[in-house]
Amino acid sequence: MIYIRGNGLMAETENGRDKAKKVKRRETARRSAATPVCFVSSRVGDRETAADLLRAYGYDLQDGEGEEEEGEVGGWSEAAERGGAGGWSEAVERGEADGWDEVAERGEADGWDEAAERGEAGGWDEAAERGEAGGWDEVGRSGRPCLRVVWDNNDTSVRVEWTESGRRFSWAEDYQALPIRETAENRCRRLLRLAIFRLFEAMSGDSDPRLSAAAVRPGPWGGLTGVRPMKILRRLLDQGLGEEAIRRVLPAAYGIRADRVGLLLDTGEYQRPYLPTAAGRERISLYFCYPFCPSRCDYCSFPGYETGRWRKWQGAYHAAALREIGALGQAARERGLVTETVYFGGGTPTAMPPEALAELLAAVTAAFAVAPGAEWTVESGRPETLTPAMLDVLAAGPVSRLCINPQTMRQSTLDAIGRRHQVEAVYQAFAAVKAYRRAAAVGADGDRAGGQAGDRAGQSGRWLINSDLILGLPGEDLAAVSDSLARLIALAPDNITIHGLALKRGSAYKERPPDLPGGDEGLAMTDFCRTALRVAGYAPYYLYRQKDSLGGENVGYCLPGRHSLYNIYMIEERQTILGLGAGAGSKFLAAGDWSLENFYNPKDMIQYIERLPDLIRRKIARLPGTQY
């Protein structure tokens, strides 16, 4: 039996307990489908919490009660009814353990280990030795992992036990008084996630080849499973906590590694002057999705229709988009809403005919009350789509920011993932955009800009450039990532976002996972990029996390003052964002607080077109200033 409490790991064998020892972590990647795990808990609601975290470790939770008919687990109830292994219930009925509290009051257990030796506190081990554990041990011996959760009577201490291949591991996590405002339910979820994280952290690297948990590499974000860890930091700052206190609280409460706490603090400090306040609720942002692309990348899960195959639908989609822009723009104007940022994403907006993009840009300008100097971004992720004609349209319009997203600067990888463009096209796109920048600068000084391109660039002003890299693409190691990042930094984009490859539902890679780098290698790539970008003068200004992604985080970096407001608003969810087009998501900010209601247009383009009148009606009803 192996017991783990917050201060270390101890192993108990047939010959007695060995002294505490540390285990070396073994780095690996999860290559196969999720491993099923039997699950039993004494508390309703634990299953969802545990499943969320274990899913990130490659496990699929199954209720222990569901195994009872087959006589495998019997779970807890069967043992408790026999008065045997239920352990906790039996001890409470005898009036001996009261779970933990009485043992702790006697100063004997420090909760568990000593009590377990006496066969008192829950009687778990004693029951297992008697063979009365409702079949739990039998499942564990068969190699199938099992997770059991036990709470004390006050839900302030939790014990998690992992049984696999005849071995058992246990971790106890006790509530600590911390300056965190949380409900009792949120506290229980936090403690359970933290206990499971600590348990896997201690098991990782075990030398037993039968133990699947030895291959798990718990990440630097501890027990967090949410997309937006910045919200936790924001709550602590709103409570008045300073940097020193936050550096203590986040590792203790969530298991976040110190360097990630620093990343949160640096990002929060950059964002602070730009976050919308309650007084600015009349301002909104727009996101327009153009779902067509020259080809579909194997990792992509966004709405994506190859332009060649779906050419006949582009006209119908364009007409529908113009109707949605016009109707929602009029409704927003009537409610006094001012548009602060506009983002054209996809898909690849610059894959549409240049005249079609010009019409859409003009439609947004006419329909919505767009603030002077508003930020306009157009994704041109495929560099080959930035043709001279497209650049003329972009320069003539209000666009202030372009996205040129190579994802990698390695040609063999581009070919393998289905992007179908050349590395040289990235260099050509940067050169073309910088030529317009120079022309705009000349035009702004009142000098002769030189021809039509110069005149239009002078109207547009100076474009800023966003660029993305994806870590963990098939066949790429740290050396390949280092080379791509060095080449991209040399091109001097204003923003560089580092994404970890995520195996998302709807992507080709989700159905046919490629051979990917291991967890430690993914973290090494992430850490390398953060250090290299800091040295190059880039600062982190927004971040979010994704499940099943290499490194577990996506971080946007920018040169000082060159951040994207839309990225901040979208990730921090401090502003209403109105989504237009197939698959576009809207975030409607509630009056009086920072809560949001999400609303999504159908991803299916044909459904979007057919359901458009109803979609428009439902979104107008949710606009700020509307009672519905």
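Residues numbered from 1 in each chain as written. Predicted model: local features only at pLDDT ≥ 70, side-chain atom pairs only at ≥ 80, totals over all residues. Heavy atoms only, no water.

**What about the overall build of the protein?**
No. 1: Within the protein, the regular secondary structure consists of 23 helices and 21 strands.
No. 2: When the 628 residues of the protein are sorted by exposure, 55% land in the buried category.
No. 3: Contacts spanning at least 24 positions in sequence make up 72% of the contacts within the protein whose residues lie at least 6 apart.
No. 4: Surface summary for the protein: the accessible area is close to 26200 Å², and the carbon and sulfur share equals 49%. (Helix = DSSP H or I, 4+ residues; strand = E, 2+ residues; numbered from the N terminus. Buried < 20%, exposed > 50% of the residue type's maximum accessible area, 1.4 Å probe, protein only. Contact = heavy atoms within 4.5 Å. Areas by Shrake-Rupley, 256 points an atom, 1.4 Å probe, with all protein chains shown as cover.)

**Description of the nonpolar core**
No. 1: If you look at the biggest cluster of nonpolar residues, it comprises 94 residues, and the most contacted ones within it are Leu 250, Phe 344, Phe 368, Leu 394, Trp 463, Ile 498 and Tyr 608.
No. 2: Contacts of Phe 368, omitting those with residues within four sequence positions, involve Leu 286, Ile 325, Leu 328, Gly 329, Ala 332, Arg 333, Thr 339, Leu 578 and Leu 580.
No. 3: Among the nonpolar cores identified, the runner-up in size contains 32 residues, and Val 160, Ala 202, Leu 211 and Ala 213 belong to it. (Core = buried A, V, L, I, M, F, W, Y, C linked by side-chain atoms within 4.5 Å.)

**Looking at the side chain of Thr 348**
No. 1: Its location among the elements puts Thr 348 in the loop between strand E12 (338-346) and helix H13 (354-367).
No. 2: The residues touching Thr 348, leaving out its near neighbours within four places in the chain, are Tyr 290, Phe 292, Cys 293, Pro 294, Gly 381, Arg 382 and Thr 385.

**A look at the pattern of salt bridges**
If charged atoms from side chains of opposite charge come close, those side chains can pair.
No. 1: By the definition in use, this model includes 36 salt bridges.
No. 2: For Arg 487, the salt bridge is made with Asp 483, and the minimal N-O distance between the two is 3.2 Å. Here Asp 483 and Arg 487 lie together in helix H18 (residues 478-491), a separation of 4 residues that amounts to about one turn.
No. 3: Judged by its relative accessible area of 36%, Asp 483 is partly exposed.
No. 4: A single network of salt bridges, built from pairs that share partners, joins Arg 257, Asp 259, Arg 260, Asp 527, Arg 530 and Glu 553. (Salt bridge = Lys/Arg side-chain N within 4 Å of Asp/Glu carboxyl O.)

**Some points on the packing of aromatic side chains**
No. 1: In the structure shown here, the tally under the stated rule is 19 aromatic pairs.
No. 2: Where Tyr 270 meets Tyr 541, the ring centres are 6.2 Å apart and the plane angle is 55°; that geometry is what we call tilted. In this pair, Tyr 270 is assigned in helix H11 (residues 258-271) and Tyr 541 in strand E17 (residues 539-544), connecting sequence segments 271 residues apart.
No. 3: Accessibility expressed as a relative area gives 0% for Tyr 541, which makes it buried.
No. 4: Seen from their ring centres, Tyr 287 and Tyr 343 are 5.9 Å apart, and the 20° between their planes marks the pair as stacked. (Phe/Tyr/Trp six-rings, centres within 6.5 Å; stacked < 30°, edge-to-face > 60°.)

**Examining the side chain of Thr 339**
No. 1: Following the sequence through the fold, Thr 339 ends up in strand E12.
No. 2: Since its relative accessible area comes to 0%, Thr 339 is described here as buried.
No. 3: In this view, Thr 339 contacts Ile 284, Leu 286, Phe 368, Ala 369, Val 370, Ala 371 and Ala 374; residues no more than four positions away in its chain are not counted.

**Regarding helix H1 (residues 46-56)**
Residues lying three or four places apart along an α-helix face the same way, a consequence of the helix completing one turn every 3.6 residues.
No. 1: Every buried residue of H1 is accounted for by Asp 46, Thr 49, Ala 50, Ala 51, Leu 53 and Leu 54.
No. 2: Positive backbone phi, approximately 90°, marks Gly 58, located one or two places after H1.

**Description of the environment of Val 426**
No. 1: By the secondary structure assignment, Val 426 is in helix H16 (residues 423-444).
No. 2: Each C-alpha atom, one on Val 426 and one on Leu 488, is 9.4 Å from the other, the two residues being 62 residues apart in sequence.
No. 3: Leave out the neighbours within four places in its chain, and Val 426 touches Pro 383, Pro 406, Met 409, His 421 and Leu 491.

**Some words on helix H20 (residues 519-535)**
No. 1: When the terminal C-alpha atoms of H20 are compared, their 25 Å separation across 17 residues agrees well with the 24 Å that a helix rising 1.5 Å per residue should span.
No. 2: Within H20, burial applies to Asp 520, Gly 522, Leu 523, Met 525, Thr 526, Cys 529, Arg 530 and Leu 533.
No. 3: Once H20 ends, the next one or two residues include Gly 537, with phi positive near 95°. (Expected span 1.5 Å × (residues − 1).)

**Topic: unusual backbone geometry**
No. 1: A cis amide bond links Gly 346 with the next residue in sequence, Gly 347, at an omega value of 15°.
No. 2: Positive phi, normally seen in glycine, also occurs at Arg 420, with a value near 60°.
No. 3: One can find Arg 420 in the loop between helix H15 (411-417) and H16.
No. 4: If you check the backbone angles, Glu 573 has positive phi at about 55° while not being a glycine.
No. 5: If you trace the backbone, Glu 573 turns up in the loop between helix H21 (565-572) and strand E19 (576-580).

**Overview of the confidence of the model for the protein**
No. 1: For the protein, the average pLDDT comes to 80, and 78% of its residues sit at 70 or higher.
No. 2: In the predicted structure, residues 1-32 sits below a pLDDT of 50 and forms 86 contacts with residues beyond four places in sequence or in another chain.
No. 3: Scored below 50 in pLDDT, residues 446-461 shows 26 contacts in the model against residues more than four places distant or in partner chains. (pLDDT = per-residue confidence, 0-100.)

**Focus: the environment of Thr 365**
No. 1: Within the element layout of this structure, Thr 365 appears in helix H13.
No. 2: On the accessibility criterion, Thr 365 (41% relative accessible area) is partly exposed.
No. 3: Sequence separation between Thr 365 and Gly 329 is 36 residues, and the spatial gap between their C-alpha atoms is 9.1 Å.
No. 4: Here Thr 365 is in contact with Arg 333, Trp 376 and Pro 398, once residues within four sequence places are set aside.

**Considering the pairing of strand E18 (residues 554-558)**
No. 1: Counting buried positions along E18 yields 5 of 5 residues, so the element is predominantly enclosed.
No. 2: Side chains of E18 alternate between two faces, with Asn 554, Gly 556 and Cys 558 and Val 555 and Tyr 557 buried alike.
No. 3: The sheet contact formed by strand E16 (residues 495-500) and E18 spans 4 bridges and is antiparallel. Following the sheet pairing, Thr 497 is matched in E18 by Gly 556.
No. 4: Examined bridge by bridge, E17 and E18 share 5 bridges and lie antiparallel to one another. Pairing of Tyr 542 across the sheet is with Gly 556, part of E18. (Pairing = 2+ DSSP bridges.)

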